[in-house]
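Listed here are the chains, written in short residue letters.
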Amino acid sequence: MSLTLSNVQLQELLQRLRSSIRPWGEFVSTKNFQLPVSAPMAGKRVLKNFDRYYGNYSVLFLTLLAFAIFTSPVLLLAIGVCIGLCYYLKLKYKDRNITIFGREFIPMQQYAAVMLLSVPMLWLFGAGAAFSWVVGLSLLISVVHSLLYNSDELQKASEMNIEHV
């Protein structure tokens, strides 16, 4: 089984993500922030808001990731070195094998070697900590927003439930 992602598939994914981004004014509208009435309503609200605002949450994650990378010059340098090595291999040894100590390496093995060598370098320069920070903060913001944000459909549903009680 092979996992591949073509340019067309990547473009479709980005287009779907871009089209799913709701207006930011709606996303941060403070008049819609309310505590959920009950635990079942909170669960429905979280699922509905994750479905409705996943594009906004993705942009938030990517913004925090860019912030974490660009505010750490050493991490930025390490990522640049990894990308530079891959680019060098692409230009110099595009369709050729590299022979090191009598062993030939195909291009896929060359890229795998760069990635394997970059893991300790990225770990040493704090990529794991930065990524954990980004994931944790974006999850916290997303969960709190989806729990407290009451969209129009959910507001109507909660009013109907209150009237039936």
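Keep in mind that what you see is a predicted model, and the values were worked out from it rather than measured. (Residues numbered from 1 in each chain as written. Predicted model: local features only at pLDDT ≥ 70, side-chain atom pairs only at ≥ 80, totals over all residues. Heavy atoms only, no water.)

(A) Expanded view of the overall build of the protein chain. Of regular secondary structure, the protein chain possesses seven helices and two strands. Listing the helices and strands of the protein chain from first to last along the sequence gives α-α-α-α-β-β-α-α-α. For the protein chain, buried positions account for 24% of its 165 residues. Sequence separation of 24 or more characterises 77% of the internal contacts of the protein chain that already satisfy a separation of 6 or more. For the protein chain, the computed accessible surface area is about 11900 Å², with 69% contributed by carbon and sulfur atoms. (Helix = DSSP H or I, 4+ residues; strand = E, 2+ residues; numbered from the N terminus. Buried < 20%, exposed > 50% of the residue type's maximum accessible area, 1.4 Å probe, protein only. Contact = heavy atoms within 4.5 Å. Areas by Shrake-Rupley, 256 points an atom, 1.4 Å probe, with all protein chains shown as cover.)

(B) Up close: the packing of helix 4 (residues 73–92) against helix 5 (residues 107–124). One way to put it is that helix 4 packs onto helix 5 with a least axis distance of 10 Å and a crossing angle of 170 degrees. Classified by the angle their axes make, helix 4 and helix 5 are roughly antiparallel. For the pair helix 4 and helix 5, the contacting residues are Leu75, Ala78, Ile79, Val81, Cys82, Leu85, Cys86, Leu89 and Lys90 in the first and Gln110, Tyr111, Val114, Met115, Ser118, Met121 and Leu122 in the second. The class makeup of the residues in the contact of helix 4 with helix 5 is 13 nonpolar, two polar and one charged. (Axes fitted to C-alpha atoms, helices over the stretch in contact; angles between N-to-C directions. Parallel < 35°, antiparallel > 145°, perpendicular 65-115°, else oblique. Nonpolar A, V, L, I, M, F, W, Y, C, P; charged D, E, K, R; others polar.)

(C) Geometry of the state of the cysteines. Applying the stated criterion across every chain, the model contains zero disulfides. Of all cysteine sulfurs in the structure, the one in Cys86 sits closest to Cys82, which takes part in no disulfide; the separation is 7.2 Å. The class for Cys86 is buried, based on a relative accessible area of 17%. (Disulfide = S-S within 2.5 Å.)

(D) Summary view of the confidence of the model for the protein chain. Predicted confidence across the protein chain gives a mean pLDDT of 84, with 88% of residues reaching 70 or more. When mean pLDDT is taken per element in the protein chain, helix 6 (residues 127–148) scores highest with 92 and helix 7 (residues 152–164) scores lowest with 59. (pLDDT = per-residue confidence, 0-100.)

(E) Layout of the packing of helix 3 (residues 39–70) against helix 6. Interhelical geometry of helix 3 versus helix 6 gives an angle of 150 degrees and a closest axis separation of 8 Å. Relative to helix 6, the crossing made by helix 3 is right-handed. Taken together, the residues of the contact of helix 3 with helix 6 sort by class into 21 nonpolar, five polar and one charged. (Left-handed = near helix turned anticlockwise from the far one by under 90°.)

(F) Up close: unusual backbone geometry. In this structure, Phe101 takes a positive phi of about 55 degrees despite not being glycine. Classification of Phe101 by relative accessible area gives exposed; the value is 86%.

(G) Here's a closer look at helix 6. Between its terminal C-alpha atoms helix 6 stretches 31 Å, which fits the 32 Å expected from 22 residues at 1.5 Å a residue. Ala130, Val134, Ser138, Ser142, His145 and Ser146 are the residues of helix 6 that are buried. Axial view of helix 6: buried residues confined to an arc of 105 degrees, hence all on one face. Residues of helix 6 that are exposed and point over 90 degrees away from its buried face: Ala129 and Leu140. Looking at the buried positions of helix 6, the neighbouring elements they touch are helix 2 (24–27), helix 3 and helix 4. (Expected span 1.5 Å × (residues − 1). Arc of directions from axis to C-beta.)

(H) Looking closely at the layout of surface pockets. Quantified by volume, the largest pocket comes out at close to 170 Å³. Lining the largest pocket, in full, are Leu85, Tyr88, Leu89, Tyr93, Ile98, Ile100, Phe105, Gln109, Gln110, Ala113 and Val114. Elements supplying a minimum of two residues to the lining of the largest pocket: helix 4, strand 1 (98–100) and helix 5. Considering each element in turn, the lining of the largest pocket owes the most residues, four residues, to helix 5. Of the residues that constitute the lining of the largest pocket, the class distribution is nine nonpolar, two polar and no charged. (1 Å grid on protein atoms, 1.4 Å probe; cavity = no way out; pocket = protein on both sides within 12 Å on 5 of 7 lines; lining within 4 Å. Points joined across faces, edges and corners; volume = space filled by probe spheres on them.)

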